[in-house]
Structures are given as structure tokens and as C-alpha cells.
Amino acid sequence: MRRLVLVSLCLVLLLPSTSARAQETLGQRVLAQRTVVLSMSGSSGTGSCLGFRLYREDFPPDVDLVLTAAHCVTGVGSNPLVTATTLGGQTGRAVAWATWADFDVAFLLVVPRLGSLDPIRDSWSQPPSGLPVLAMIRVGGGAPTIASGWVLEQEGYHVRLVMPGAPGSSGGGVVDQSGALVGMIVTGVVVVRGAASPFVRVVGAELIVRLLAQERERLAERARQLSSAALPLPFPSPPSLPSPPPTVAPTPVPAPLPAPTPSVTATPPSVQPAATETTLIAPGVGIGQIRLGMSVQEAYQILGREGRKESLPGALGESYARERYGTGAVALHRWFLRPLFVSELFDPHILVLEDQSGRVGAVGVQAAREFRTVEGLGPGSGEAEIRQRYGTPASVAERGGYEADRMLVYGPAGIRFRIMLSNYGHIWPNWRGTAFDVVIFQPTGR
């Protein structure tokens, strides 16, 4: 499996281990040295996450660089006060940072430096399924502890691990048993079908390396400025500290990374591009060329053979389909509209719900703004404009937690909008308050 060298970290060659136990000890030592507990206080509250120290040879010796999840920094409001504490008790303060909300990645500049580090050898660009890994997590909000698990699958620029999840673990580093970087935890508890699962979602090391390389010169220059400022230690009271500068606005990530999703404001229907034959949402009829009542085989002929099927047997599957999509089904079929970036739960795709007769019982589209009704409504439309067009929904259902959303079901029209109320674990923050997916079904209640 291909590995990617961490050009931005100090690299050394490690002597080969003589046993699996020696390798595991090295991975544990890397996590113990590099993990910090971050405490945040901002205009809207407080929080606590983990961070992972990255040694930079082009940094001044008195400034540290810490990797963490962007939502840890931005989730407590404006101008947050962020402190970093190592497992050995050394403390510093983050005084500048660069964040990418769409990727949930942040780099913090911390003063003073929090002690010496053993270099990391390299990192995984595509960790293979089954790779044993170690991660620093927090159980019940307690002290960080090392958990073991393994790689389940690659999901675009994310990696899913089989590992005990724990809230408050965001920002924790993940390494293999030799200490090579695998990634950083961004979702400590992954919810599947309404329940916590034994999975952890990680931003892969390849994306981290690319973002770090992109900001290398800017971060190094800011670090030199902080070093020359000779900030007094211990830190004075907050009012005498220099205010953290605004979040560094990163330039677009070089190809093949997708550009960060722009902030969404509901566009008036009058300026929406007109839907085409393949992107028209027709309530009670279908989406594009997929019509309600046609056979699933016909859908495959239209959309191609690359569709993915997920069987939903029994009452549990029926309940899952009704909860998420508003109608029952024996199987789901998905056709992805872009190269897979996050996971099948989030990426733009067309969804066909197969009924017991093998026909299209319902069809939906998710996270693809080019699909519109004749009035210009579709994914990305705000709840207010949906209600203005369709009026009061026949039924409204809300779910809380990680996948918080509001279902607006218009039975007589045969259309259902799912409004995102959460940030889906900060994966797609710019969809909050808008329709994330639209499902068409046979009209009811006429």
C-alpha cells in the first residue's frame, strides 16, 4: 500500500522493530508525546477537545504547531481563548490558527513550545482495510487514554475506524503501531440508523499533509513573528494578551482536492438555473428520467450499472427507510453524482427506494443543487421559501442528536424535504437550515 512522506514534519529513519510489541510501544510513545488537551472559551460557551502536535523544522524553537478539528476552535464562538496542555502538564496558549471548516481541520500556533518530540517517520495516504491503529480518545470526558482498533474503509479523504467512540475525542491523533500518522479524529461517535456505532471517523493523513503544505510559508512566517514578539511567560490575564488574528482564509486546495463548499444563502427561485430533463424534480411523478412505478431494472438502464444496493430486510429496515426517507422500502439504490468524497450518507447522489414488487416506490436526490422543481426548489432551498410555495406541511417530524433534521412532508403533492438542523458532525456545515435532500413519492391524502 502506498505511503506518503510527511514533507512538513521532521523525518528520520527508524531502526526496524524486532517484535510487534516493540512497534506498539513506539506508536504509544508518539501519541503520549504529541497529544494535548485543548480548553476553549468563547463568546458562546466553552469546550474541550484533543490536539496532536506537529514538529516543524522551519519553525522557531519556542513556537509549537498543533493539529485539531476546526469545530473545536469555531464551535465556542468568536475570539476564543484556547489553551493547550500536554499529558505531562506543560501548558501554552494558541495565539493564531488556520481553519478549514469544510474539512474540519485546524492548525494552531501555540506559545511557548510544549517540549521536545521524537520525529514522525511518515504517514499513510491510503491505509489498507484491517490496518491495526492506535488513537488517543477521552472516555466520559476524562483523561486521554489510548484505544486500539483497525481501519474499516477509506471514505474519500476520510477514514472510518472500528474503535470505541467517545465524545470529546475530536482532534485526537491516530497512528499505526510503528507511529506513522493515519489521521485525526473528527467524529468521536458515528451514528448509524439513529444509534451510536463502534465506528470513529478520521480525517486522513493525506489531506492533512496537503493542507499543511499549502499553508507552510504563511504558518512559518506567523510563527517567526510570534517568536520575535517574545511574549512573557507565564501568560498575563486575557485583556493584556494580543487578540488572536482572524481565521486565516486558506486559498483553494490544489487539485485533486475539492474546493471548500461556499457559504449557502438561499437563492431566490427567479435566479435559479432552469432544471433540465435529467435534473427536474416533479412532485408525485419522479426525478429526472426516473419515474415512480418503473422497475428498478429500468432505473439501472437509465442511470448506469454503477448503482449501489443496500438491502433493508424485515421490520428494522422498513423502520429505517420510513424514518430517514418518509416511506417504506425493501432496498435502497444509490447513484453517486460526483467522485466519493465523504461517505454515502453525505455525498451528492440519486436515491431509489425499491418496493416489494421490485419497482420504484420513491426517488430522491441529496446534496445536488442542480436538481430543482419548476419553481426552483430543491437541495439547498431554505425552509421559508419551501413553506411559501407549498404551505403548511401535512406532517413534520424532527430528530435530534448528530443527525438532527426536520422532515417536511407534503403528502397531497408527493414531495418531502429534509431540512438539516445540525452540521452532521461538522462535515457539511454550510447546509444547515436548508433542504439536504428531497424525496418524491406517490401522492397521498387527496
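This one's a predicted model, so the numbers in the text were calculated from it and none came from an experiment.

Cut-offs applied
- Within each chain, residue numbers correspond to sequence positions counted from 1 in written order.
- Side-chain atom pairs in this predicted model are given and counted only at pLDDT of 80 or more, local residue features only at pLDDT of at least 70, and totals for whole chains, interfaces and linings cover all residues.
- To obtain the side-chain values, all non-hydrogen atoms of the structure were included, while hydrogens and water were left out.
- Under the DSSP-based scheme used, a helix requires at least four consecutive residues in state H or I and a strand at least two consecutive residues in state E, with every element numbered from the N terminus.
- Burial here depends on accessible area, computed with a 1.4 Å probe over protein chains only, as a share of the maximum for the residue type. Under 20% is buried, over 50% is exposed, and the range in between is partly exposed.
- Pairing between two strands is assigned when DSSP locates at least 2 bridges connecting them.
- Among buried residues, those of type Ala, Val, Leu, Ile, Met, Phe, Trp, Tyr and Cys that are joined through side-chain atoms within 4.5 Å constitute a nonpolar core.
- Contacts were defined at the residue level, with two residues in contact if any of their heavy atoms lie within 4.5 Å.
- Residue-level confidence of the predictor is summarised by pLDDT, bounded by 0 at the bottom and 100 at the top.
- Here, a salt bridge means any Lys or Arg side-chain nitrogen found within 4 Å of an Asp or Glu carboxyl oxygen.
- In summary, the pairing rule links any two rings of Phe, Tyr or Trp, Trp by its six-membered ring, whose centres are within 6.5 Å, and it sorts them by plane angle into stacked for under 30 degrees, edge-to-face for over 60 and tilted for everything else.

**Q** How do you make sense of unusual backbone geometry when you look at a structure like this?
**A** Comment: phi is negative for the bulk of residues other than glycine, and the bulk of peptide bonds are trans. Each neighbour pair has its own omega, and for valine 111 with proline 112 the value is -5°, a cis peptide bond. Mapped onto the secondary structure, proline 112 falls in the loop between strand S7 (105–111) and strand S8 (123–124). Positive phi values are uncommon outside glycine, yet alanine 367 reaches one of about 55°. Turning to its location among the elements, alanine 367 is positioned in the loop between strand S23 (360–366) and helix H7 (383–390).

**Q** It is not clear to me how helix H3 (residues 205–214) should be interpreted in this structure. Could you clarify?
**A** Helical geometry note: an α-helix holds 3.6 residues per turn, so side chains three or four residues apart project in the same direction. Most of H3 sits out of view: eight of its 10 residues are buried. Three or more residues of H3 are buried, namely Ala205, Glu206, Leu207, Ile208, Val209, Leu211, Leu212 and Gln214.

**Q** Where do I start with the sheet that holds strand S17 (residues 281–282) in this structure?
**A** The strands making up a sheet associate through backbone hydrogen bonding, with each pair oriented either parallel or antiparallel. Spatial strand order, S17-S18-S19: three strands in an open sheet with antiparallel pairing. Of all strands in the sheet, those bounded by a partner on one side alone are S17 and strand S19 (290–291). Bridge analysis of S17 against strand S18 (residues 286–287) gives two bridges, and the strand direction is antiparallel. When the sheet's bridge partners are listed, isoleucine 281 is paired in S18 with isoleucine 287.

**Q** What's the story with the nonpolar core in this structure? I'm lost.
**A** When a protein is soluble and globular, its nonpolar side chains tend to lie buried together. Membership of the largest hydrophobic core comes to 54 residues, with the highest contact counts inside it found for Val105, Phe107 and Leu108. For this core, the element with the most residues is S7, which contributes seven residues. When near neighbours in sequence (up to four residues on either side) are disregarded, phenylalanine 107 contacts Leu54, Leu65, Val66, Leu67, Ala96, Trp97, Ala98, Trp100, Ile208, Leu211, Leu212 and Leu219. Grouped together as the second largest cluster of nonpolar side chains are 27 residues, Ile287, Ala299, Val363 and Ile415 included.

**Q** Even after reading the chapter, I still don't get the environment of proline 443, so can you show me in this structure?
**A** Looking at where proline 443 falls in the secondary structure, it is placed in the segment after strand S27 (435–441). You can call proline 443 partly exposed: its relative accessible area is 26%. Look past the residues within four positions of proline 443 in its chain and what remains in contact with it is Gly284, Gly411, Pro412, Ala413 and Gly414.

**Q** Got a minute to help me understand the confidence of the model for the chain in this structure?
**A** Averaged over all residues, the pLDDT of the chain equals 75, while 73% of them reach at least 70. Predicted confidence is poor over residues 1–24, with pLDDT under 50, and the contacts of this stretch with residues over four places away or in other chains come to 52 contacts. Under a pLDDT of 50 for its full length, residues 190–196 has, in the predicted model, 15 contacts with residues more than four places off or in other chains.

**Q** Help me understand the pattern of salt bridges, please; the structure alone is not making it clear to me.
**A** When the charged atoms of two side chains with opposite charge come close together, those side chains can pair. Applying the stated rule across the entire model yields 13 salt bridges. The salt bridge partner of arginine 160 is glutamate 153, with a shortest N-O separation of 2.4 Å. Judged by relative accessible area, which is 15%, arginine 160 ranks as buried. Arginine 418 is the salt-bridge partner of aspartate 405, the closest N and O atoms lying 3.2 Å from each other.

**Q** Looking at this model, I keep getting lost on the environment of leucine 67. Mind explaining?
**A** Structurally, leucine 67 can be placed in strand S4 (residues 64–68). The exposure class assigned to leucine 67 is buried, which follows from its relative accessible area of 0%. Separated by 32 residues in the primary sequence, leucine 67 and threonine 35 place their C-alpha atoms 9.6 Å from one another. Excluding its chain neighbours within four sequence positions, the residues that come into contact with leucine 67 are Gly51, Phe52, Leu54, Val105, Ala106, Phe107, Gly171, Met184 and Ile208.

**Q** Honestly, the packing of aromatic side chains in this entry has me stumped. Any pointers?
**A** Within a pair of aromatic rings, the relevant descriptors are the distance that separates the centres and the angle that separates the planes. Scanning the model with the defined rule gives five aromatic pairs in all. Centroid distance tyrosine 390 to tyrosine 410: 5.2 Å. Interplanar angle 40°. Geometry classified as tilted. Linking tyrosine 390 in helix H7 with tyrosine 410 in strand S25 (residues 405–410), this pair joins segments that are 20 residues apart in sequence. The buried category is assigned to tyrosine 390, whose relative accessible area is 16%. Plain terms: the ring middles of tyrosine 410 and phenylalanine 417 are 6.4 Å apart, the flat faces sit at 80° to each other, and that makes the pair edge-to-face.

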